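A look at the structure
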Amino acid sequence: MKANSRSMILLVAFFASYALYAQSEQPMLGQIAPSFKLPGIDGKMYSLQQFRGKYVVIHFAATWCPFCNAEAPYLEQLHKDYLQKGVQVFIIDVKESKELVTKLSQKFNFTFPILLDEDGAISASYAPEGVLPDLPRDEVPLASNLILDKEGNIRFYSLLNTTNFDAKLTKIKQRLDELLSVSEKP
Amino acid sequence: MIGRLLIALVYLYGGNMPLSVDIVTVHVSESIVYAGESNRVEIGVNVKEGYHIQANSVNDESLIPTSLEIETNEFLTISKKEFPLSKQFKLEGTDSFLNVYDGKFLVKLFLDPDKNAKEGKYVLAARLHYQACDSKSCLFPRTVDFSIPIEVKAKKQ
């Protein structure tokens, strides 16, 4: 009987710790962001390396993704508001053609780079291990937002299955402000 | 007490269960259709609880509508596909509404066997294309392959 109670407590503790972890922790924080070199819809090549020394905001998107499109105007506004503060915003579009992505980019008047991850390999490299194991890895980061610091470390990762949708990007702006205020201090 | 605690924890845990890729299942029974007439055939679609799929008629051209593709032949043609009325889904934190389907619904096909179609059993290959989301995330577009079994009989006298 005592052994049964002990097992039950252990089981409860396991479930509780897993649930709390899954709900509160952002994945991959503190890790160096996977590097990449991708073409933009503007015909230029972009590498993560070239943004070292700047804070970087990455949004993984697809043209058909309602969450991505809902936050698109707010992402453009974030780009305008933070450009002078040394923040580089870009979208990595996952597994779509340049023509399709260009058309949607024109609709939203994006003024920051839109990169094409046509085979999904870069998106897959940003899929946290063990998260959504049933899904193809390149689908996992869709609609997520990340902040990378000046050294390329992941400092914010809103993976949509674990956080509530934040179309107005309130939380990422809050985090950016925190990071910028720290880096501005002498 | 422990029982209640377990239920609460399983609920918490359940909110973070891995997503299954099989969000949509399709059910079709064999239909008897008559040569030279327009016959209604129903396709049953079931969307996994907690998810919705974009409707056949979307209110934003960038979205991927649910669509049904059927391989017909010269003796078995489809004159109309009738999708149900969609529901409205509000995207949290925005003023946007999406036209969606959730739960169980029927797609009605109007199947018109030619008057010279031979009596007998046929199987039509079909594909349902959809793009699913829940309230927090969206999945890439998927396709369900299925078969529509048909028995063609001579025109009713």
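The structure this text deals with has already been given above.
Counting of residues starts from 1 at the beginning of each chain's written sequence and follows it residue by residue. Numbering of ligands from 1 and lettering of chains from A proceed in the order in which they are written. Where totals are concerned, whole chains, interfaces and linings use all residues; where local detail is concerned, this predicted model gives features only for residues with pLDDT of at least 70, and gives and counts side-chain atom pairs only at 80 or more.

**So, the sheet that holds strand β5 (residues 114-117) of chain A**
All names here are of chain A. Selection criterion: When DSSP finds two or more bridges between a pair of strands, those strands are recorded as paired. Elements are defined by DSSP. Helices are runs of H or I of four residues or more, strands are runs of E of two residues or more, and each kind is numbered from the N terminus. In this analysis, axes come from line fits to C-alpha atoms, helices being fitted only over the stretch in contact, and the angle between any two N-to-C directions falls in the range 0 to 180 degrees. Two residues form a contact once the distance between their C-beta atoms, set from the backbone, is within 7 Å.
Strand order across the open sheet formed by five strands is β5-β4-β3-β6-β7, with mixed pairing between neighbours. Both edges of this open sheet fall to β5 and β7 (154-158), since each of them pairs with a single strand only. The mean angle between the axes of side-by-side strands here comes to 20 degrees, regardless of whether they run parallel or antiparallel. Looking at chain direction, strand β6 (residues 145-148) and β7 are connected through four bridges and run antiparallel. Looking across to β7, one finds that Asn145 is bridged to Ser158. Here helix α2 (residues 66-82) sits on the sheet and contacts β3 (55-61) and β4 (87-94); the angle it forms with β4, its principal contact strand, is near 155 degrees.

**Some points on unusual backbone geometry**
All names here are of chain A. Formally: Counting other C-beta atoms within 10 Å of its own, a residue is labelled buried from 20 upward, exposed at 12 or fewer, and partly exposed in the gap between, with every C-beta atom placed from the backbone.
With a phi angle near 50 degrees, Asn109 is a residue other than glycine that sits in the positive phi range. You can see Asn109 is positioned in the loop between α3 (98-108) and β5. Here Ala143, not a glycine, exhibits a phi torsion of approximately 70 degrees, which is positive. Mapping Ala143 onto the fold places it in the loop between α4 (121-125) and β6. According to the C-beta neighbour criterion, Ala143 is buried, with 25 such atoms within 10 Å.

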